[in-house]
Amino acid sequence: MSLSVYIPVYNEQDIILDTLNDLKDYLKKNNIDFELLIVDDFSTDNSKLIVENFCSKNKNAFYFKNTKKGLGASVNLAIQKSKKKYFAIFMSDKSDNLDDLITYYNIINYKNLDAVFGSRFLSDSKIEGYPILKLILNRIFNLIVKILLLSNYNDFTNAFKIYKREVLLSFFPIVSEDFNIFLELPMKTILRLHKYIIIPISWNGRAKGKSKFYIKELGSKYLFTLFYCLLEKILLG
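Residues numbered from 1 in each chain as written. Predicted model: local features only at pLDDT ≥ 70, side-chain atom pairs only at ≥ 80, totals over all residues. Heavy atoms only, no water.

Peer 1: Residue-level account of the sheet that holds strand β4 (residues 86–89), with values.
Peer 2: Pairing is mixed in the open sheet, where 7 strands are placed in the order β3-β2-β1-β4-β7-β5-β8. A single partner strand is all that each edge strand has here, and the edge strands are β3 (61–65) and β8 (196–200). Pairwise comparison of adjacent strand axes, ignoring direction, gives a mean angle of 20° for this sheet. Pairing between strand β5 (residues 115–119) and β8: 5 bridges, direction parallel. If you follow Val 116 over to β8, its bridge partner there is Ile 197. Packing of helix α1 (residues 16–29) onto the sheet brings it into contact with β1 (2–9) and β2 (33–40), and relative to β2 it is tilted by some 165°. Together, β1, β2, β3 and β4 form the strand contacts of helix α3 (residues 71–81), whose direction differs from that of β1 by roughly 155°. (Pairing = 2+ DSSP bridges. Helix = DSSP H or I, 4+ residues; strand = E, 2+ residues; numbered from the N terminus. Axes fitted to C-alpha atoms, helices over the stretch in contact; angles between N-to-C directions. Contact = heavy atoms within 4.5 Å.)

Peer 1: Account for the packing of aromatic side chains, naming residues and giving values.
Peer 2: The final tally for this structure, using the stated rule, is 13 aromatic pairs. Centre to centre, the rings of Tyr 86 and Tyr 105 are 6.1 Å apart; their planes meet at 85°, and the pair counts as edge-to-face. Of this pair, Tyr 86 sits in strand β4 while Tyr 105 is found in helix α4 (residues 98–110), placing the two residues 19 residues apart along the sequence. Members of the aromatic cluster, joined through ring pairs, are Phe 117, Tyr 153, Phe 156, Tyr 163 and Tyr 196. Its guanidinium or amino end placed over the ring of Tyr 130, Lys 134 lies 5.3 Å from that ring's centre, counting from NZ or CZ. Note that Arg 139 overlies the ring of Phe 121, its terminal NZ or CZ placed 3.8 Å from the centroid. (Phe/Tyr/Trp six-rings, centres within 6.5 Å; stacked < 30°, edge-to-face > 60°. Lys NZ or Arg CZ within 6 Å of the ring centre and 35° of its normal.)

Peer 1: I'd like a rundown of the pairing of β3, residues and numbers included.
Peer 2: When β2 meets β3, the two strands line up parallel, connected through 5 bridges. Bridging across to β3, Leu 37 finds its partner in Phe 62.

Peer 1: Lay out the packing of α1 against helix α2 (residues 47–57) in plain terms, naming residues and giving numbers.
Peer 2: At a minimum axis separation of 10 Å, α1 and α2 run at an interaxial angle of 25°. One way to sum up the angle between α1 and α2 is to call them roughly parallel. Along this stretch, α1 crosses α2, giving a crossing that reads as right-handed. Of the residues in α2, those touching α1 at Ile 16, Leu 17, Leu 20, Asn 21 and Lys 24 are Ile 50, Val 51 and Phe 54. Looking at the contact of α1 with α2 residue by residue, the classes come out as 6 nonpolar, 1 polar and 1 charged. (Parallel < 35°, antiparallel > 145°, perpendicular 65-115°, else oblique. Left-handed = near helix turned anticlockwise from the far one by under 90°. Nonpolar A, V, L, I, M, F, W, Y, C, P; charged D, E, K, R; others polar.)

Peer 1: Account for the pattern of salt bridges, naming residues and giving values.
Peer 2: In this structure the tally under the stated criterion is 11 salt bridges. A salt bridge links Arg 206 to Glu 12; the nearest nitrogen and oxygen atoms lie 2.8 Å apart. Taken together, the positions of Arg 206 in the loop between β9 (202–204) and α8 (215–236) and Glu 12 in the loop between β1 and α1 put the pair 194 residues apart, joining distant regions of the chain. With a relative accessible area of 4%, Glu 12 lands in the buried category. Put simply, Lys 48 and Glu 52 hold a salt bridge, and the shortest N to O gap is 3.0 Å. (Salt bridge = Lys/Arg side-chain N within 4 Å of Asp/Glu carboxyl O. Buried < 20%, exposed > 50% of the residue type's maximum accessible area, 1.4 Å probe, protein only.)

Structural data, given as structure tokens:
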């Protein structure tokens, strides 16, 4: 089996090299056939040079410049460029856990699932450094989505998940333009009745750099994605 790991990058010069080296070393240690797909979303710092230099020294790491600014286009590009059976999203700020990534891969592989969803909000989950206002808004919005979908999942907006690549391709066209892409993918997985399970994961707030998530700017985009996916389900059945 094989794994594509997608890492979105925007102005992450302080941490991106650590993230890529950690991923490379950990995946090799676990004997996984992998590729790293790093998509630069028009960074204005030295992220591009750092990533290109890393890729020049690692044959299974690939740099791509986004075709259109925004995480939606970045994810679209990475899915299309990926060549492995499974596709994982791993954030460049090292908030995601490497052990969880390996667990994702083993579960989706051995259980022949379409996706594995991690939750930061289960009894066995571990979470540190989450801003309180963002946490409150996160829990409210995820509760609304959970109720509307009649789902037992409670962390839709978390980016860190793993999917079968062929399932992601079936979701095209992907309409979300920003962080709301990470809502669209699990919603389509659930509404289209794909096979998935939910597991507890760990999450740590970034130690370096600045978050690119802006609540005021993204609220309307999340609502658009929520109602788009629900409407698609109603119209297509």
